[in-house]
Amino acid sequence: MAKSNISPLDAQHLGYWLRFVSNHVSHAFAAKLAGRGVTVAEWVVLRDLHGRDGVAPSLLADRLGMTRGTISKLADRLAAKGMLTQTADPDDRRYQALALTPEGRALVPELSALADRNDLEFFGHLDPAERERIEEALKGIVRRMGLRSIPID
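Residue indices follow the written sequence of each chain, beginning from 1 at its first position. Reporting in this predicted model follows two pLDDT cut-offs: at least 70 for local features of residues, and 80 or more for side-chain atom pairs to be given and counted; totals over whole chains, interfaces and linings ignore these cut-offs and use all residues. Side-chain descriptors were evaluated using all non-hydrogen atoms of the structure, hydrogens and water having been removed beforehand.

Comments concerning the environment of S22
Thinking step 1. Mapping S22 onto the fold places it in helix α1 (residues 14–34).
Thinking step 2. For S22, a relative accessible area of 36% puts it in the partly exposed group.
Thinking step 3. For S22 and M83, which are 61 residues apart along the polypeptide, the C-alpha to C-alpha distance reads 28 Å. Secondary structure elements are defined from DSSP: runs of H or I of at least 4 residues count as helices, runs of E of at least 2 residues count as strands, and each element is numbered from the N terminus. The buried label applies to any residue whose accessible area, calculated with a 1.4 Å probe on protein chains only, is under 20% of its type's maximum; exposed applies above 50%, and partly exposed to all values in between.

Have a look at this one:
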């Protein structure tokens, strides 16, 4: 039988290792958020709206690199959970403004602390210079590839 020139899945494939780590980081964070009744996508919306009042769904979608349909579904879910309000403009019923409720605003710092803790659990062992090199390398890839949508799944 001829020897294969196919490399092993994990051999020198940086994408494999990035995905491996990313999946574990994301899963751990999703589990922490689930304990508070929030998904990662909902967290992204809550965090972005924190400190802002009356944001149009289209602006939020553009800023987060999501579709307007996705934002609409997330807004509906967060409104049902009492974390977000959707207020229609009396002069233009097509326009809605999204804003956090007091409950939503109060939850964001708690969720942010979970995000910080998750980051520390996975990357806290890195010295500052090592962390900076990794972060700059990843940001360089983002810039070079023109990536802009926020990873939520």
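More follows now that the structure is in view.
As for the pairing of strand β2 (residues 96–100)
Thinking step 1. Among the five residues that make up β2, four are buried, leaving the element largely enclosed by the rest of the structure.
Thinking step 2. With five bridges joining them, strand β1 (residues 84–88) and β2 adopt antiparallel strand pairing. Its bridge partner lying in β2, T87 is registered against A97. For two strands to pair, DSSP has to find at least two bridges joining them.

Digging into the packing of aromatic side chains
Thinking step 1. Only centres within 6.5 Å qualify two rings of Phe, Tyr or Trp (six-membered ring in Trp) as a pair; their planes then separate them into stacked at under 30 degrees, edge-to-face at over 60, and tilted for everything else. Counted under the stated rule, the structure contains five aromatic pairs.
Thinking step 2. Taking 4.9 Å as the distance between ring centres and 90 degrees as the angle between the ring planes, the aromatic pair formed by Y16 and W17 counts as edge-to-face.
Thinking step 3. Using a relative accessible area of 27% as the deciding quantity, one classes Y16 as partly exposed.
Thinking step 4. Ring geometry for F29 versus W43: centroids 6.3 Å apart, planes at 80 degrees, classification edge-to-face. Linking F29 in helix α1 with W43 in helix α2 (residues 40–49), this pair joins segments that are 14 residues apart in sequence. Across the pair, exposure class does not vary: F29 and W43 are buried alike.
Thinking step 5. Every member of this aromatic cluster is reached through a ring pair, and the members are Y16, W17 and F20.

A short note on the confidence of the model for the chain
Thinking step 1. When the pLDDT values of the chain are averaged, the result is 91; 93% of them are 70 or greater.
Thinking step 2. The least confident element of the chain is β1, whose mean pLDDT is 91; the most confident is helix α5 (residues 102–123), at 97. Across the chain, each position has a pLDDT score giving the predictor's confidence in that residue, from 0 to 100.

Quick word on the pattern of salt bridges
Proximity of charged atoms lets side chains of opposite charge pair with each other.
Thinking step 1. Whenever Lys or Arg places a side-chain nitrogen within 4 Å of a carboxyl oxygen from Asp or Glu, that contact is recorded as a salt bridge. The full count for this structure, using the stated rule, is nine salt bridges.
Thinking step 2. Between E110 and R36 there is a salt bridge; the shortest N-O distance is 2.4 Å. On the criterion of sequence distance, the pair formed by E110 in helix α5 and R36 in the loop between α1 and α2 is long-range, its members being 74 residues apart.
Thinking step 3. By relative accessible area, E110 is classed as partly exposed at 40%.
Thinking step 4. For R36, a relative accessible area of 38% translates into the label partly exposed.
Thinking step 5. The salt bridge partner of E42 is K81, with a shortest N-O separation of 2.7 Å. Of the two residues, E42 is situated in helix α2 and K81 in the loop between α4 (68–80) and β1; the sequence distance between them amounts to 39 residues.
Thinking step 6. Given the relative accessible area of 1%, E42 is considered buried.
Thinking step 7. Salt bridges sharing partners connect three or more residues here, namely K32, R117 and E121.

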